[in-house]
Structures are given as C-alpha cells and as structure tokens.
Amino acid sequence: MASAAAASPSLSLNQTSHFQHQTSLVTWLKPPPSSALFRRKTLPFFERHSLPISASSSSSSTSLSVHEKPISNSVHFHGNLIESFENQDSSYAGTIKGASLIEELENPVERNGLSGRRRLFMQDPPWISALFLKGLSKMVDQTLKIERKDIDKRKFDSLRRRQVKEETEAWERMVDEYRDLEKEMCEKNLAPNLPYVKHMFLGWFQPLKDVIEREQKLQKNKSKKVRAAYAPHIELLPADKMAVIVMHKMMGLVMSGHEDGCIQVVQAAVSIGIAIEQEVRIHNFLKRTRKNNAGDSQEELKEKQLLRKRVNSLIRRKRIIDALKVVKSEGTKPWGRATQAKLGSRLLELLIEAAYVQPPLTQSGDSIPEFRPAFRHKFKTVTKYPGSKMVRRYGVIECDSLLLAGLDKSAKHMLIPYVPMLVPPKRWKGYDKGGYLFLPSYIMRTHGSKKQQDALRDISHKTAHRVFEALDTLGNTKWRVNRNILDVVERLWADGGNIAGLVNREDVPIPEKPSSEDPEEIQSWKWSVRKANKINRERHSLRCDVELKLSVARKMKDEEGFYYPHNLDFRGRAYPMHPHLNHLSSDLCRGTLEFAEGRPLGKSGLHWLKIHLANLFAGGVEKLSHDARLAFVENHLDDIMDSAENPIHGKRWWLKAEDPFQCLAACVILTQALKSPSPYSVISHLPIHQDGSCNGLQHYAALGRDSFEAAAVNLVAGEKPADVYSEISRRVHEIMKKDSSKDPESNPTAALAKILITQVDRKLVKQTVMTSVYGVTYVGAREQIKRRLEEKGVITDERMLFAAACYSAKVTLAALGEIFDAARAIMSWLGDCAKIIASDNHPVRWITPLGLPVVQPYCRSERHLIRTSLQVLALQREGNTVDVRKQRTAFPPNFVHSLDGTHMMMTAVACQEAGLNFAGVHDSYWTHACDVDTMNRILREKFVELYNTPILENLLQSFQESYPNLVFPPVPKRGDFDLKEVLKSQYFFN
C-alpha cells in the first residue's frame, strides 16, 4: 500500500478541500449544493477547465496546483471526485478510455506565460457539465431576451410613431396629395387617370380653397363689431386643409346615409364643424411643437423651444400620458354646438358655390360643355306619418344625380380617421382618458347627455377600475386580416357580388310608366317605382358599406397585427370605436378577421373547431346535440375540404352556410388540421364562438329563478339544447290553426290565419322573441315579421303583407306572454319603478354591479334656433323635462343590457387573468379553440357569481335611498331554481 501511495501523484491544492484516494472504478457522488458550488469565483471557460501543474523529472510524483483562492472555506470536493493515479505510465501514454479524468500532457512548452510547466486537462463529472451548460444556456437566453426586448422596443416605437402620424397627419397628407395631382395636371396639361370621387375632389379642391381664403381675408379685415360669429374659427386652419375636410365630410355623409340624394343641413353643418374643431386642436399642437418657421417672432420661437423640450423630456422618460396632457392644457375650450353649426353652415355655403359637375360630352363635340352645381340648398316638406296633416319643413343639401352615379365604387378612397390602432390603446383612467393617442376618445357614447357625462366625470378610478380593466382587456386583443378569406371576398365582389351575403352591385331597373290611363294600373306602377327606388337606395348604402369595410381590410392586410380601442354605450355594453371593419359587424368582417396570435389546436381544440363549423353552417344544425353536430361535420368532410381548396370554382358547399365567410375560414383551418400528420399541433388563429341561448331571457330567468323558464333557455343541463324559438313558433301555429277554423265574416283574422298557417316557422318569430325582453314594441315586432314574410315571397300584395305582419306580431307577443310569465312580471315591475321616478321628473339612474353609473337620457328635447349664413338651424338639445313614456318602456331592456354587459366584462377580465385571448360581442364570447373549455368554465362561474348577488333588491334599495319621498312596489317573488345548475349545463353557452 505504501508503494502504491508513493506511485500516486501528490496533490497540492491551494484550497481547503482535499481529495481522498479511491479504487480504480470511477464513481460520482451527487453534486454539492449549487449554493456552495457557485460561491467560488467564476473563471473564464478555458481557465476553469485547465489546471497548471508542476512536474519534477526526479520524482515519480506530480505536484498539481490550482491557482484559485476560495471565497469561502466551505467549499469541499468529495473523495471520489478524482480517480486514483495508479498505473500512471499507461495513463500518460494517451487518452484514457472510459472516464479518463487526466489527458496526456504535452511536453513542457512555453504557454500562457508559464515556462517549463505542463497543463493537465480534466474532464468534468456529468453534474459539473450539466451545471455549466445550464448556466451557459441561461446566460445566452438572457442575452437573447435582452436583444429581443430591444428589437421589440424599437419595433413598438416605430409602430407608435406611425400611429401618431395616422391620427394627426391624415388631412395634411390628403392636402399634399391634391397639391401633387394639381401639379402633375398642370405640367402635363392633362388630368391624371383617377377614381371617380378623387377626380371630383381634384376639380373642387382649388376653387373651394380659393373661396375659403377669400372668406378668411374678408373676415380678418372687418372690425369686431361687424365680423361674422364664425370669423374667429374660420381662420384657425389653412384654407387647403379646411377644403379637404369639408369635401370628405360631405361626401362621407352622402355615401353613408342620404335619402333621395339629400342630406339634412343641420347634420352636415354640425358634422363639418366637429371635424374642423378636432383638427384645429391637433394642428395647433403640431404647430407649437414643430420646427421653427421663418415668420415666427422671438417670443414664439422661445415658447416653441420650451414646449418642445418639455414634450421631448416627457417622451424620453416614457411619460407619454403626461406628454399628451400638454395638448389639452395648451388647447382651447370646447366650441359648443352653436359655434360648430355656424362655421359648418358657412363652409357648406362655400362648397355649394365652388363645387360643380360636368356631364359627359357628346361624341360630336359640337355642344358647349355644361357645368352645373354639385350641391343645391333647398327646403323639404314631409308629413309626420302617411295620411297625417302635420307637416315638417327642414333644409337639405341636394346632391346632383351625376354626383351619385358611381359613387359607391369610390367609397374606398374616402378618408377614415378612426382606423384600428397599430399599438395597444391607452389604458382607460377616466371619462376622456384612454383609447386613441391623439384622437378624441370618450369612455361612453353619451350622445350629448349632460347628465350622463356629469355622472361619469364624477366617478373615481377606484369605483370603476373593473370597467376600465375590462375595456383595456378587450382593447389589448391583437387582430389581423385573414388574407385567404379576403382574397375570396375580393374576387366575388369584383364579379358583381350578389352572393355569400354580398349586396348586388347593380341597381334594380325602374319600371316604365304604363301607356294605359287606368287608375289601378297607375297606382300599381307608382307602388312598383317606390319599391324599386327604395331597394336601390338600400343597395347603394350597402355597397358603400362593403367598400368602406374592404378599404380598411386592404389597408391593414399587410400589418402583423392591430388593436380595437373599445368604449361603452350608455347602458354599459362594449363596442369597438372603429366603425367599419370590426368583429361586431357582419359575416364579411368576422370572416376577414382572426387573432394575430396563433395557438396549437390540441385535442379539445379540434373538437370545438368542428362544433364551431357546424354552428356557422346553421340551418338547424346548431340546435342539435354536440355529438350530432360532430357527426354532421364528419359526414361533410369531402365538402369541407373542397371548400377550403377550391372555394370559387369547386362545389361551393360553404355558400349554403348561414355565415358563409366565417364557415369558409373554419373549413380552411379544419382541412389543414386533418391533412397534417399531427392535427393537434396545427396552429390556429381562428376565434371560436360560444353564444348564449336567447341571452336576454337567460338573464330574466336568473333574476326570477323560475325553473320552467330556466330550462327553456338552457340554464339546466339537457341531452340536447332547448330551443325557445321553436317552442314559441309551435304555440303561434296552434293559435293560428284555431283562428283559421273560425268564420271569416265574423272574424277578419281567419282569412289571414289560413294564409299564414303554412308560413309559421322558427325563423319567422326568432327576432321578435329575441328582442321581446329588450322591450320590442308591437310596431317593432310587426316590422320584423314583415321583413321575414317578404323574404319568403309568398305574399306579394303590399296591403295584404302589412295586414299579415300586424296579425302575426299580435299572436307572437301573446304566445310569449303565456310562456314567460315570470320574466313578464319582472319587466312590469321595472317599468312601474321607472314610471314612478320619471313622473317626479327624474331620469332613471342606477349603478351596475361593476360600479358603472347609468343615466337614461330620455328627456323632452328643446329646440335651439341658430341663425347661420345658410339658414336658421333648429338644434335639438337636452331639456329639463324627462320623457315619462320613454323612461318607462326603455328601462327593462336597458337594465338587462347593463347586466349582460357586466357579465361579459367580468368574463373578459377573468379570461385575461387565465392567459386567454378574449373577444366579446354582447352575448357571444370568443377565444382560441384550445381555450374554449377554460372560457366555458369561467363564463358559467361568472354568471353564477353575478346572480348570487341580490340584484333586484339592491336596485330597489338604491331607488328608495335616492328618492325617499316616493313609494315603490315590492320586488316580484322568486322561484326555487338553483343557480349552481348553470355550472353543469353544457348548452348554456354553446
């Protein structure tokens, strides 16, 4: 043993740790605790893995020395860390096979500043390698994370700059465009080949700019006593920018809502005034903060410099909100409707003076070119309702027929200021604090109700923080354009539309006047002409709407993603602030949008994707059990794949769906999954919907705890979904069958019942049932049913159609009252409470469960006459006398709307906390396919949480505290339905 020891190398470490001799088997103990191991000083990689040794030729032993001082004496190396150095001649002969802790040392060379010394290379034990690689990986990850963060920050800053430009420089860019087009026209002595509306704008731009400049100079040179009321405001913008705003705003109104080619003067004037005021604020801010102009005085230069420094300092410190406050602190006071109307009226007058249209020249070229005004001011007289002697006279701007021709094809060239945002919206912190970066943003659409505005301004962040958080959650959902679907839409639209829900791009021909003088024929012709004109007006409006939606989609299709700032209506329901391409809109919009973030489908995601596709196909399939819906999809897999791979020239199965573009989007992702070797790992961007079953009645059933009504609207688990619409249609059919057997002479409805008995189905009554809980009136129900009967096309005579709609509406509302007795009792109680409050000349107000104050805005409006240069305008403003009838009839639906908005916001916040992407459309909740199960659990839990609070009792208490002198009826009695049943109901939302 002594000789063996002598043959072993003598280890001398400059540490307190020691090595013990072991047998020739290499074994590793568990690594020391990482806290102890890493208390040593960290060396560079090669220094840690090469140990300098001293070798003596006269001795068989080798002296090993590690030049490292321990930070702490607590570091110890275990005895079996190093293999015995016995049999060193074989060890030094070459690389030791197996574990080989020591590699062959080279001959003494001068290396790393060490002469006559050799280096011993030691292979780390596995746990050292693992720890080292883990540390290296962590270090690399941290570096990459910092780099990614830096890239993300640069990317975000770039997007934010673009967003600010979109919001602040849109009109200015349009001015530059017209200037460039004018320059090109002058240089080439030729009008450029432009779209219809841009060609018109180019013709109006210079004349309108000139007359506005003339007006600005004229008002400036007048003394204060004789200057017009609008004079101080017409000077606040350059004439060219003002001209562009007036043209675009006026044409936007013509496209979106003209009636027989006419726009009301008051609507146009106020709209233009608002747009000018908004641009004045932005213009003034940019003027103060931009580089110096040659004409600036020393005082102005100093002011600009100080302001720039202040703003730049705030931006550098990432205090964007504080920087934006500079705009408001430096801005002017709000103008008010009177000022807006006066300025808008004068600018309208100047537009009428400057804008002309020219009919196409004849081929001979002999005729003198005809120019006629594009707009005319006139007065229109209308009766309050057909046959009434009461008439109303109001001023309108009439558009020339040449102007209207082809206008819908040019809608895409209109400027849309409130586009989706490239960066997440500002967080909401108050009534006007949040949303867009620069464009005016308000948390609620109050429509001028001062009482509602005052209630919101007084609210503290602490009180309404959950409402703010919910709006932020909805606004932070990132979207993108589904290019595959957009390509299909573009191709169908280019082919003339009239398919997949797209409006026909051609007008209905106007019937020619009959040669006969027969009064009946003449009357019939007049009805036909009136109907054709009405259809053409509707088609024109729908074509403009499609073009506006597609223009936004084209603009955003190359963006990685975008966001929709949300705000509320006065009841507390959330809406995107952008009006055209959003997920609350039509099937066209919903099919063209998808989540920007993709997630793997997973097993449950594939399951929900198939159910989602069946729901979108509809036609009764959506009312089957989940298993039956899955079977429907399995039976149509060939059609689904054909739709995805050849949507235009294939079998076109997807066009049979109730929501064709959304159905096609689902077909595409399902085909990708089924053709993939790993279907569950396919990345899906598609939002999957879970919709409430007649959600308004679900809320009433939860309020009243009526077991029968709860079961009718799927608050109770069942083998398949209960269908309240089919139940109502059966009851309507029974009533009509009974009426049809009566004597037509004594019962006029008998004849109508015989005609309608074959027309009654689920679709006929669905909209009326759905809106009944939201306070649909008899007139509203009649119009809804009339549209459904028109679609069926069985009754063609207008008078007969009207009578049939009246009868059907009465029967449907009667059937509803029989089945939903408890819901009707609650509606009556809410209406009675509202009547008591309104009769005391108070608007009905309440606080939602999330702390949002709601004030019903229905007051008798007061006329406020404004004398403008164009005409005397009658502006409507909120009066001091409440409208008792409206307060009573509107309260039940408004209150339930505030509750469904509350449920959606509670679900949104909980989903965000659970890491889900969430979008909500009132009673339709959206998320990724893989997250549907989680969202389903959350939305049921939040519904139960909401209705476990005594909502009606709290409402009554708040009324009694607010109006102590008034006496209110007691809350209707509740049933014995157990709300926890909702947690087990798979068809509650499905």
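As shown above, the structure is provided for reference.
Keep in mind that what you see is a predicted model, and the values were worked out from it rather than measured. Numbering of residues starts from 1 in each chain and follows the order in which that chain's sequence is written. A pLDDT threshold of at least 70 governs which residues receive local features in this predicted model, and a stricter bar of 80 or more applies before side-chain atom pairs are shown or counted, although totals over entire chains, interfaces and linings include all residues. Hydrogen atoms and water are omitted, and side-chain values are computed over all heavy atoms in the structure.

(A) Expanded view of the pairing of strand E15 (residues 566-569). Sheet topology places strand E12 (residues 444-445) next to E15; two bridges connect them, and they run parallel. Bridge pairing in E15 places Met 444 opposite Leu 568. The pairing of E15 with strand E16 (residues 574-576) spans three bridges and is classified as antiparallel. Pairing of His 566 across the sheet is with Pro 576, part of E16. Where E15 folds back onto E16 in an antiparallel hairpin, the turn is made up of four residues, including Gly 572, whose phi is positive at roughly 105°. DSSP calls a pair of strands paired once it identifies at least 2 bridges connecting them. Strands here mean DSSP runs of E at least two residues long; helices mean DSSP runs of H or I at least four residues long; both are numbered from the N terminus.

(B) Region of interest: the sheet that holds strand E17 (residues 593-595). Taken in spatial order, the three strands make up an open sheet running E14-E13-E17, and their pairing is antiparallel. Strands with a single pairing partner mark the edges of an open sheet, and in this sheet they are strand E14 (562-563) and E17. Two elements, strand E13 (residues 478-481) and E17, share three bridges in a ladder whose sense is antiparallel. Bridge pairing links Trp 479 to Phe 595 in E17.

(C) Looking closely at the packing of helix H20 (residues 602-617) against helix H21 (residues 626-635). Contact geometry for H20 and H21: axes closest at 9 Å, N-to-C directions at 85°. Classified by the angle their axes make, H20 and H21 are roughly perpendicular. Of H21, the residues touching H20 (which contributes His 607, Trp 608, Lys 610, Ile 611, Ala 614, Asn 615 and Phe 617) are His 626, Arg 629, Leu 630, Phe 632, Val 633 and Glu 634. For the contact of H20 with H21, the per-class residue count stands at seven nonpolar, three polar and three charged. Only the stretch in contact is used when fitting a helix axis, every axis being a line fitted to C-alpha atoms; angles between N-to-C directions are given from 0 to 180 degrees. Just so you know how the angles are binned, under 35 degrees is roughly parallel, over 145 roughly antiparallel, 65 to 115 roughly perpendicular, and the rest oblique. Residue contacts are defined here by distance: any two heavy atoms, one from each residue, within 4.5 Å place the two residues in contact. Lys, Arg, Asp and Glu make up the charged group, whereas Ala, Val, Leu, Ile, Met, Phe, Trp, Tyr, Cys and Pro make up the nonpolar group; the residues left over, Gly among them, are polar.

(D) Structural detail: the side chain of Ser 693. When you line up the elements, Ser 693 lands in the loop between strand E20 (688-691) and helix H24 (695-704). Residue classification places Ser 693 among the buried residues on the basis of a relative accessible area of 9%. Under this definition, polar contacts are N or O atom pairs within 3.5 Å; protein pairs additionally need one hydrogen-donor-capable and one acceptor-capable atom, and for neighbouring residues in sequence, both atoms have to be side-chain atoms. A distance of 3.1 Å separates a polar atom in the side chain of Ser 693 from a polar atom in the side chain of Asn 714. If we skip the residues at most four places from it in the chain, Ser 693 touches Gln 698, Val 713, Asn 714, Tyr 987, Phe 988 and Asn 990. Any residue under 20% of the maximum accessible area for its type is buried, any over 50% is exposed, and the rest in between are partly exposed; the area is computed with a 1.4 Å probe on protein chains only.

(E) Geometry of the pattern of salt bridges. In the sections that follow, a salt bridge refers to a side-chain nitrogen of Lys or Arg positioned within 4 Å of a carboxyl oxygen of Asp or Glu. Going through the model one piece at a time under the given rule, you end up with 46 salt bridges. Here Glu 547 and Arg 505 are joined by a salt bridge, their closest N and O atoms 3.5 Å apart. A residue pair is termed long-range when its members are at least 10 positions apart, and Glu 547 in helix H18 (residues 519-556) and Arg 505 in the loop between helix H17 (483-494) and H18 qualify at 42 residues. According to the relative accessible area criterion, Glu 547 is buried, its value standing at 2%. Asp 639 is the salt-bridge partner of Lys 651, the closest N and O atoms lying 3.7 Å from each other. Here Asp 639 lies in helix H22 (residues 637-645) and Lys 651 lies in the loop between H22 and helix H23 (660-675), a separation of 12 residues in the sequence. Here Asp 639 falls in the buried class, since its relative accessible area comes to 18%. Within this structure, Glu 490, Arg 505, Glu 547 and Arg 554 form a network of salt bridges that share partners.

(F) Expanded view of the layout of surface pockets. Definitions used throughout: a 1 Å grid over protein atoms alone; a cavity as a set of points that fits a 1.4 Å probe which cannot get out; a pocket as an open set with protein on both sides within 12 Å along at least five of seven lines; a lining residue as one with an atom within 4 Å of a point. Grid points are joined across faces, edges and corners, and a volume is the space filled by probe spheres set on the points. Within this model, the second largest pocket holds a volume of roughly 1500 Å³. Together, 38 residues line the second largest pocket, and Glu 658, Asp 659, Asp 691, Lys 766 and Met 770 are the ones closest to its centre. At the level of secondary structure, the elements contributing two or more residues to the lining of the second largest pocket comprise H20, E20, H24 and helix H28 (762-772). Here the lining of the second largest pocket gets six residues from one element, more than from any other, and that element is H28. Class assignment for the residues of the lining of the second largest pocket results in nine nonpolar, 16 polar and 13 charged.

(G) Up close: unusual backbone geometry. Look at Cys 694: it is not a glycine, yet its phi comes out positive at around 50°. Mapped onto the elements, Cys 694 comes out in the loop between E20 and H24. Although it is not a glycine, Arg 705 adopts a positive phi angle of roughly 55°. The exposure class assigned to Arg 705 is buried, which follows from its relative accessible area of 10%.

(H) Up close: the sheet that holds strand E25 (residues 919-921). The sheet built from three strands is open, its strands ordered E20-E26-E25 with antiparallel pairing. Because the sheet does not close on itself, it has two edges, and the strands there are E20 and E25. Between one strand and the next, the sheet's axes are offset by a mean angle of 25°, whatever the strand orientation. Taken together, the four bridges between E20 and strand E26 (residues 924-927) define a ladder with antiparallel strand orientation. Looking at the pairing, Gln 690 lines up with Tyr 925 of E26.

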